[in-house]
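Notes for the structure review
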Amino acid sequence: MAFPWRIRKSGLKTKLDRRVLDSEIAVPTHFRCPISLELMKDPVTASTGITYDRQSIDTWLEMGNVTCPVTNQELRNADGLLPNHAIRKMIQDWCVAHRRYGIERIPTPKIPVTRTQAVDMLSEVAAAGQRGDQARCRQMATKVRNLARESERNRRCFASNGASRVLAATFGAVAGGSSECSEEILAALATVSPLDEEAASHIGSPESLECLVSILTHGNLAARLSAALVVKQLLASSGAKVDAVAGTKGLVEALAKLVKEPIFPQATKASLVAIFYMVSHNERTAAQVVDLGLVPVMVEALVEPEKSMNEKALAVLDGLLSCEGGREKARQHALTVPVLVKKMFRVSDMATELVVSALWKLCRNEGEEGEGKGRCSQEALRVGAFQKLLLLLQVGCSVATKEMATDLIKLLDARREAYECVDTMDFKGLKKPL
């Protein structure tokens, strides 16, 4: 039985021409998933005999449901779903028959990794690493990485079966050997993140950290990206490892170089997050990063409109302003205060709080640190910070941000009589008639 159903653009790639718009395409009912009512791209049959689109039934099971949506009978796990090749072939033939309507043939889906296959591959990686067979270890790590990248379901399958622990332990075992093997393991590890406690322990070992520094410094572009991602994951998963990571010779310098000399946006962002964890934890590391010249780089990064980059640059800058050297470098940059004030309401709530924190650190006790007493306060008044802070208190913010904003308002109000405060230079000198 066919049911008149117009193909939806979200369910299948189509080119909606006049013929499609002027007529209904009869899609057979058994070609549509009972859950999404969309044309199935990867039909699979459950233990109850009902066929679903794989993505829809996987989502159903991940939500904690254990029964068949149609029959309400108990379902086995996702490994019990069998590909329905007959229905898939019929759907592909139907797409070809209706290609004059602009309907594209659905591709033949790849069979997802099962739990047994994932465990076997990971066991082979571990065994190859233990016996020193780096060629086999590299081969299997590449296979894990490629399969994990094929689909989110594959990635979750590897992650749920201890991939991060196995790969992290193997990375430590082969550290100091073939760089190609280490790089492949690292690429696979970055794909199946996040790291659990055991994996973080392996990656946080001195041997593994030294190998990470070597790859960050001398590896190819893809390997350096993987290393930056793994360092970020390590710091995010284990606060106890921050001091060990920051104290590893050459690691902070390698991350700073990835920020100053970008290779991929993802690598830059991962490096910024890693640096944020370190400078927020230790003022000595913040001073080290300041000496590496990252303060002006962060200020200039805020000129770009990209939200995610702005948030990360603000977080790092706020951390660097915790040390006196960072504040001095920021005050020396002409764009620091103007760009901070400009970003106060233009990025996100988190960015707004970071801006207020940064301005508070810059303007508080500025006369006691270096020359140019009141320079930041004067600049903040000139570009309209006073009015924006008042507005922030009206719209609401966190308690800590409210306290800093109140302190800033008091500080700026005390200087308003000494410095003219205007929102734009276009009206400077204009006198209001009585």
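Everything that follows concerns the structure shown earlier in this document.
Only a predicted model underlies this, so the values are computations on that prediction, with no experimental measurement involved.

**Re the environment of Ala127**
In this structure, Ala127 sits in helix H4 (residues 115-130). Sequence separation between Ala127 and Thr170 is 43 residues; the distance between their C-alpha atoms is 8.9 Å.

**Here's the deal with the packing of aromatic side chains**
One pass over the full model with this rule turns up 2 aromatic pairs. Consider the rings of Phe31 and Trp94, whose centres lie 6.3 Å apart with planes at 75°: the pair is edge-to-face. One end of the pair, Phe31, is in the loop between strand S2 (26-28) and strand S3 (43-45); the other, Trp94, is in helix H3 (residues 85-97), and 63 residues separate them in sequence. When its relative accessible area of 4% is taken as the criterion, Phe31 is described as buried. The exposure class of Trp94 is buried, given its relative accessible area of 9%. Consider the rings of Phe276 and Tyr277, whose centres lie 5.9 Å apart with planes at 50°: the pair is tilted. The class of Phe276 is partly exposed, set by a relative accessible area of 29%. When the ring centre of Trp360 is taken as origin, the NZ or CZ atom of Arg364, which lies over that ring, is 4.1 Å away.

**Concerning the nonpolar core**
Of all hydrophobic cores here, the largest spans 107 residues; its most connected members are Phe158 and Met278. With 9 residues, the top contributor of residues to this core is helix H11 (residues 221-237). Sequence-distant contacts of Phe158, defined by excluding residues within four places in its chain, comprise Val113, Ala118, Met121, Leu122, Val144, Leu147, Ala148, Ala163 and Val192. If you look at the next biggest cluster of nonpolar residues, it comprises 21 residues, including Ile25, Tyr52, Ile87 and Tyr101.

**Structural notes on the pattern of salt bridges**
In total, this model carries 16 salt bridges according to the counting rule given. Between Asp42 and Arg54 there is a salt bridge, with its nearest N and O atoms 2.9 Å apart. Here the residue Asp42 occupies a position in the loop between S2 and S3, and Arg54 occupies one in helix H2 (residues 54-62), the gap between them amounting to 12 residues. A single burial state applies to Asp42 and to Arg54, both of which are buried. We note a salt bridge from Glu124 to Arg136, for which the minimum N-O separation is 3.1 Å. With Glu124 in helix H4 and Arg136 in helix H5 (residues 134-150), the pair connects residues that are 12 residues apart, well separated along the chain.

**Here we look at helix H16 (residues 294-301)**
Within the sequence span of H16, burial applies to Leu294, Val295, Met298, Val299 and Ala301. Projection of H16 onto a plane perpendicular to its axis shows the buried side chains occupying an angular sector of 160°, all on one side.

Parameters and conventions
Residues numbered from 1 in each chain as written. Predicted model: local features only at pLDDT ≥ 70, side-chain atom pairs only at ≥ 80, totals over all residues. Heavy atoms only, no water. Helix = DSSP H or I, 4+ residues; strand = E, 2+ residues; numbered from the N terminus. Phe/Tyr/Trp six-rings, centres within 6.5 Å; stacked < 30°, edge-to-face > 60°. Buried < 20%, exposed > 50% of the residue type's maximum accessible area, 1.4 Å probe, protein only. Lys NZ or Arg CZ within 6 Å of the ring centre and 35° of its normal. Core = buried A, V, L, I, M, F, W, Y, C linked by side-chain atoms within 4.5 Å. Contact = heavy atoms within 4.5 Å. Salt bridge = Lys/Arg side-chain N within 4 Å of Asp/Glu carboxyl O. Arc of directions from axis to C-beta.

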